[in-house]
Amino acid sequence: MLYLLKRLGFYLIAAFAALTLNFFLPRLMPGDPATALFARFRGRLGPEALEALRETFGLTEGPLITQYFTYLAHVFRGDLGISIAYFPAPVSEVIGNGLVWTVFIAGSSLVLSFALGTLLGIAAAWWRRGWIDTWLPATFTLLGAFPYFWLAMVALYLLGFTLGWFPLGHAYGDDISPGWNATFIGDLFRHAALPIGTVVLGTMGGWLLSMRNTMIGVLGSDFVNLARAKGLSPARVVLRYAARNALLPSVTGFGMALGFVLGGSLLTEVVFSYPGQGYLFVQAVRNQDYPLMQGVFLVITLAVLAANWCVDLLYLWLDPRTRDTAS
Amino acid sequence: MSRPLLEVRNLRVEYATASGLVRAIDDVSLTLHPGEILGIAGESGSGKSTLAQAILRVLPPPAIITGGAVEFEGRDLLGLDESELRALRWSRISMVFQGAMDALNPVITVGEQILDTLRAHARMEPTVARNRALELLRMVGLPNDCLSSHAHQLSGGMRQRVGIALALALHPALVILDEPTTALDVIVEREILEGVRALQQKLGFAVLFITHDLARMLEVSDRVAIFYGGRVAEVGTADQVRRSPAHPYTQGLLRAFPSLHGDPGRLASIPGAPPTLRNPPPGCRFHPRCPVAVEACRISAPPMIEVAPSHRAACHLAASESPGDR
Ligand SMILES: Nc1ncnc2c1ncn2[C@@H]1O[C@H](COP(=O)(O)OP(=O)(O)OP(=O)(O)O)[C@@H](O)[C@H]1O
Ligand SMILES: [Mg+2]
């Protein structure tokens, strides 16, 4: 319990650091960022937009420290300012729309990749030198070694453009109205298949190999041999004794992969014109939409921290040894 | 004597390593009767654990049983298929692994590891199973709350006791103890061995007791077998081996212990190094270290020679009265 609180404390500090960094970065730019920024937008933006920009940065009059607290208060209210690219939509709203898609795409591909890779790793170790062990690790390592961009483009070209099995982009078809019905959900999955599929193919090899290798070590340990000697069923020996222990390093890796996947989804979303955070971020950069950029940065950071805390919880539940050293 | 419980005949086990075959068990024959304690002693690497795991058929992958037979309660263990083995394991033969420290699954509770053993072999009401698990813990002198403990919360001695409780879970006819007390201090060791002895007398199971502590073994066992380089050097009752050891190796070991009640040391006090099993010396494996070796020892491996009823030794000189008396 104490351990969890400690970890929570750590994540709160990290989140606070991210917030603070987010506040100071624009102010560390050479010259006066506000003036520079305003100068750039003056011809294009109306006075309300400029006011919004001002608000976002807390670039109101007053000493830095007052500005900082104004900024914090805004953030805690969920007010991240007004987007320039999508003026006059508030950043929080723009991000909210994108976040759903990113969590859907990145989340499902990470979970799928982890689950499939881990299961195949268990199978490869258990039937050592069987066909799974002979072919799959090599195949997926090779796939993982290709640049992701290339893999995604080939998939898009072959399966989307040439064969026409999958749509070329977006989260759902223009002709379909969103709603909880079979047509819409089916369409969602048809659109998500290529982005998710390519990420899974590209990242599964890592999970597979690490699980396989840890598993081979664990299978040779005394407690697994004892489980076998006790006359337990093979399924119980493999899952409850061997895999349950071999899973621990992978779970740690899962926490770290979360950050990479969220960041990496930028590329996926660009290739498949998928309307998530990454796509938003590119739009933001293209339009010099600083409030949106900062918002995306903040949300990704917070999401990674929150997800890591969940992994901590999971680990605590999986490994009783951490429970005791913790308290 | 009654029909033997376990009969190992001409067993041969090899490890297929990258640099060639290592014959860890070479032509070993042993018998064990119901309710008997057979001690096996030998230097590190002489093949004791390999034998134990071969009997239960749980040898790790590079090991192959390349010859011989293991008969248990009249059944040929080497001929059983996987499901027959699974039914027999633990319900008839159980084992306390060497270094029981690492023999418990670190992520599930001790209780769950006892319960899954019980349930793997018989349908049991949850409360019946739980009571049986508690009874087992009590038998080896552990408190009830060990049931919900994890391995890392127990001391070495406690883990060793859990291992013994586990081994007794299904009333086996044979319990293999592979160095059940290494890494424990003498007092705990004595306590555990006395506990096992008492339980053995009460429950009547047979024990294969493996150790490299000769003094302790002679104290605990009915009969003993001395291993050397993957072979049996000498086998006899504990009394016979203690009073009139017939193999020069056994004699050397006993000389290394002036008093049985002295300091329990280890079996490394004979000059020279144990043989490498990858490339064993020709003839008798002990001859390079043997103080009384003759020409024949360098040329041919000695057969098992009966020196007294139930007392045999693999030594060319064992036929003549006492090879060690120079
Ligand atoms: N996995 C393995 N691969 C190759 N050789 C092995 C392997 N395990 C054991 N051996 C060899 O088999 C021989 C017997 O090993 P074993 O573990 O049975 O010895 P032991 O008598 O139990 O020793 P100790 O007293 O140290 O436990 C050793 O000489 C060792 O070299
Ligand atoms: Mg051993």
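Residues numbered from 1 in each chain as written. Chains lettered and ligands numbered in written order. Predicted model: local features only at pLDDT ≥ 70, side-chain atom pairs only at ≥ 80, totals over all residues. Heavy atoms only, no water.

1. A short note on the coordination of the magnesium ion (ligand 2)
Residues and elements named next belong to chain B. Listed as protein donors to the magnesium ion (ligand 2) are Ser49 (OG) and Gln98 (OE1); their distances from the metal cover 1.9 to 2.1 Å. Of the two residues, Ser49 is situated in helix H1 (residues 48–56) and Gln98 in the loop between strand E6 (93–96) and helix H3 (110–121); the sequence distance between them amounts to 49 residues. Taking the relative accessible area as the measure of exposure, Ser49 reaches 19% and is therefore buried. Owing to a relative accessible area of 32%, Gln98 belongs among the partly exposed residues under this scheme. (Donors = N, O, S within 2.8 Å, 3.2 Å for Na, K, Ca; no water. Helix = DSSP H or I, 4+ residues; strand = E, 2+ residues; numbered from the N terminus. Buried < 20%, exposed > 50% of the residue type's maximum accessible area, 1.4 Å probe, protein only.)

2. Here's the deal with helix H9 (residues 248–255) of chain B
Structural remark: α-helix, 3.6 residues per turn; residues separated by three or four positions point the same way. Of all the eight residues making up H9 of chain B, seven are buried; the element is thus mostly covered by neighbouring parts of the structure. Residues of H9 of chain B that are buried: Pro248, Tyr249, Thr250, Gln251, Gly252, Leu253 and Leu254 of chain B.

3. Focus on the environment of Arg223 of chain B
All names here are of chain B. Summarising the element assignment, Arg223 is placed in strand E9 (residues 223–228). The class for Arg223 is buried, based on a relative accessible area of 12%. In this structure, the C-alpha to C-alpha distance between Arg223 and Leu38, residues 185 residues apart in sequence, is 4.9 Å. Beyond its immediate sequence surroundings of up to four residues, Arg223 is in contact with Thr31, Leu32, His33, Glu36, Ile37, Leu38, Gly39, Val235, Gly236, Thr237 and Ala238. Within the structure, the side chain of Arg223 is placed 2.7 Å from the side chain of Glu36, a separation counted as a polar contact. (Contact = heavy atoms within 4.5 Å. Polar contact = N/O pair within 3.5 Å; in protein donor to acceptor, adjacent residues only side chain to side chain.)

4. Notes on the site of ligand 1
All names here are of chain B. Near ligand 1 there are 16 residues, and of these Ser44, Lys48, Ser49, Thr50 and Gln98 occur at the shortest range. Here an oxygen atom of ligand 1 and a backbone polar atom of Gly45 are 2.9 Å apart. Between ligand 1 and the protein, one listed contact pairs an oxygen atom with a backbone N or O atom of Ser46 at 3.3 Å. Contributions of two or more residues to the shell around ligand 1 are made by strand E1 (6–17) and H1. In terms of residue count, H1 provides more of the shell around ligand 1 than any other element does, three residues in total. Class assignment of the residues belonging to the shell around ligand 1 gives a composition of four nonpolar, nine polar and three charged. (Near = heavy atom within 4 Å. Nonpolar A, V, L, I, M, F, W, Y, C, P; charged D, E, K, R; others polar.)

5. Things to note about the sheet that holds strand E5 (residues 75–76) of chain B
Residue and element names in this part refer to chain B. Spatial strand order, E2-E1-E4-E5: four strands in an open sheet with antiparallel pairing. The open sheet has two free edges, formed respectively by strand E2 (20–32) and E5, since each of these has just one partner strand. Inspection of the sheet shows strand E4 (residues 63–72) paired to E5 by two bridges, in the antiparallel sense. Its bridge partner lying in E5, Glu71 is registered against Asp76. Contacts between H1 and the sheet are confined to E1, E2 and E4, with E1 contributing the most and set at about 110° to the helix. (Pairing = 2+ DSSP bridges. Axes fitted to C-alpha atoms, helices over the stretch in contact; angles between N-to-C directions.)

6. Things to note about the packing of aromatic side chains
Residue and element names in this part refer to chain A. Applying the stated criterion across every chain, the model contains 17 aromatic pairs over all chains. With 5.7 Å between their ring centres and 25° between their planes, Tyr157 and Phe161 make a pair best called stacked. A residue pair is termed a helical-turn pair when its members lie 3 or 4 positions apart in one helix, as Tyr157 and Phe161 do in helix H7 (residues 148–162) at four residues. A relative accessible area of 56% places Phe161 in the exposed class. (Phe/Tyr/Trp six-rings, centres within 6.5 Å; stacked < 30°, edge-to-face > 60°.)

7. Quick word on the state of the cysteines
All names here are of chain B. Under the definition given, this model contains zero disulfides over all chains. Of the cysteine sulfurs around Cys315, a residue in no disulfide, the closest is that of Cys297, at 6.0 Å. Look at Cys315 and you get buried, because its relative accessible area is 7%. (Disulfide = S-S within 2.5 Å.)

8. A word on the side chain of Lys230 of chain A
Looking at the element boundaries, Lys230 of chain A is found in the loop between helix H9 (222–229) and helix H10 (234–271). Residue class for Lys230 of chain A comes out buried when judged on its relative accessible area of 1%. Not counting residues up to four positions away in its chain, the partners in contact with Lys230 of chain A are Tyr241 of chain A together with Arg89, Trp90, Gln113, Asp116, Thr117, His121 and Leu166 of chain B.

9. Topic: the confidence of the model for chain B
Mean pLDDT over chain B stands at 85; residues scoring 70 or higher make up 93%. Our summary of model confidence lists the complex with pTM equal to 0.81 and ipTM equal to 0.84. (pLDDT = per-residue confidence, 0-100.)

10. So, the interface of chain B and chain A
Each side of the interface is counted separately: chain B has 27 residues, and chain A has 23 residues. Buried surface at the junction of chain B and chain A, both sides included, amounts to about 2200 Å², of which 56% is carbon and sulfur. A per-residue breakdown of the area chain B buries against chain A is headed by Arg86, Phe97 and Val107 of chain B, which together make up 25% of the total. One can count four salt bridges joining chain B with chain A. Across the salt bridge formed by Lys230 of chain A and Asp116 of chain B, the nearest N and O atoms sit 3.2 Å from each other. Our enumeration of links across chain B and chain A arrives at twelve residue pairs in polar contact (both at pLDDT 80 or more). Going through the elements one at a time, H1 and H3 of chain B are the ones with two or more residues in the side of chain B that touches chain A. Ranked by the residues each element gives to the side of chain B that touches chain A, the list is headed by H3 of chain B, at six residues. Considering only residue class, the side of chain B that touches chain A consists of twelve nonpolar, ten polar and five charged. (Buried area = accessible area lost by both parts, 1.4 Å probe. Salt bridge = Lys/Arg side-chain N within 4 Å of Asp/Glu carboxyl O.)

11. Focus on the packing of helix H5 (residues 91–126) of chain A against helix H8 (residues 182–219) of chain A
Here H5 of chain A crosses H8 of chain A at 35°, and the two axes come no closer than 5 Å. The way H5 of chain A lies across H8 of chain A gives a crossing that is right-handed. (Left-handed = near helix turned anticlockwise from the far one by under 90°.)

12. Quick look at the pairing of E6 of chain B
Successive side chains on a regular strand alternate, one facing one side of the sheet and the next facing the other. Residues and elements named next belong to chain B. Of the two faces of E6, the one carrying Ile93 and Met95 and the one carrying Ser94 and Val96 are both buried. Sheet topology note: the E6/strand E7 (residues 174–178) ladder contains four bridges and is parallel. Paired with Met95 across the bridge in E7 is Ile176.

13. Let's talk about the nonpolar core
With 103 residues, the main nonpolar core has Leu30, Leu51, Ile55, Phe72, Ile93, Leu174 and Ile176 of chain B as its most contacted residues. Every residue in contact with Ile55 of chain B, bar those within four places of it in the chain, is listed here: Leu6, Val8, Leu77, Ile93, Ile176 and Leu208 of chain B. Core analysis: the next-biggest nonpolar cluster, separate from the first, contains 34 residues, Phe114, Trp207, Phe254 and Leu258 of chain A among them. (Core = buried A, V, L, I, M, F, W, Y, C linked by side-chain atoms within 4.5 Å.)

14. Considerations on the packing of H7 of chain A against H8 of chain A
Residue and element names in this part refer to chain A. The N-to-C vectors of H7 and H8 enclose an angle of 135°; their axes lie 10 Å apart at closest approach. In terms of their interaxial angle, H7 and H8 are classed as oblique. Considering the relative orientation of H7 and H8, their crossing is right-handed. In this structure, H7 contributes Tyr148, Leu151, Ala152, Ala155, Leu156, Leu159 and Gly160 to the contact, and H8 contributes Leu194, Pro195, Thr198, Val199, Leu201 and Gly202. Looking at side-chain class alone, the contact of H7 with H8 contains ten nonpolar, three polar and no charged residues. (Parallel < 35°, antiparallel > 145°, perpendicular 65-115°, else oblique.)

15. Section: the environment of Phe72 of chain B
All names here are of chain B. Looking at the element boundaries, Phe72 is found in strand E4. A relative accessible area of 1% means that Phe72 is categorised as buried. For the pair Phe72 and Leu32, spaced 40 residues apart in sequence, the C-alpha separation works out to 9.5 Å. Ignoring anything within four residues of it in the chain, the contact list for Phe72 reads Leu5, Leu6, Leu77, Leu88, Arg92, Ile93, Ala173 and Leu174.

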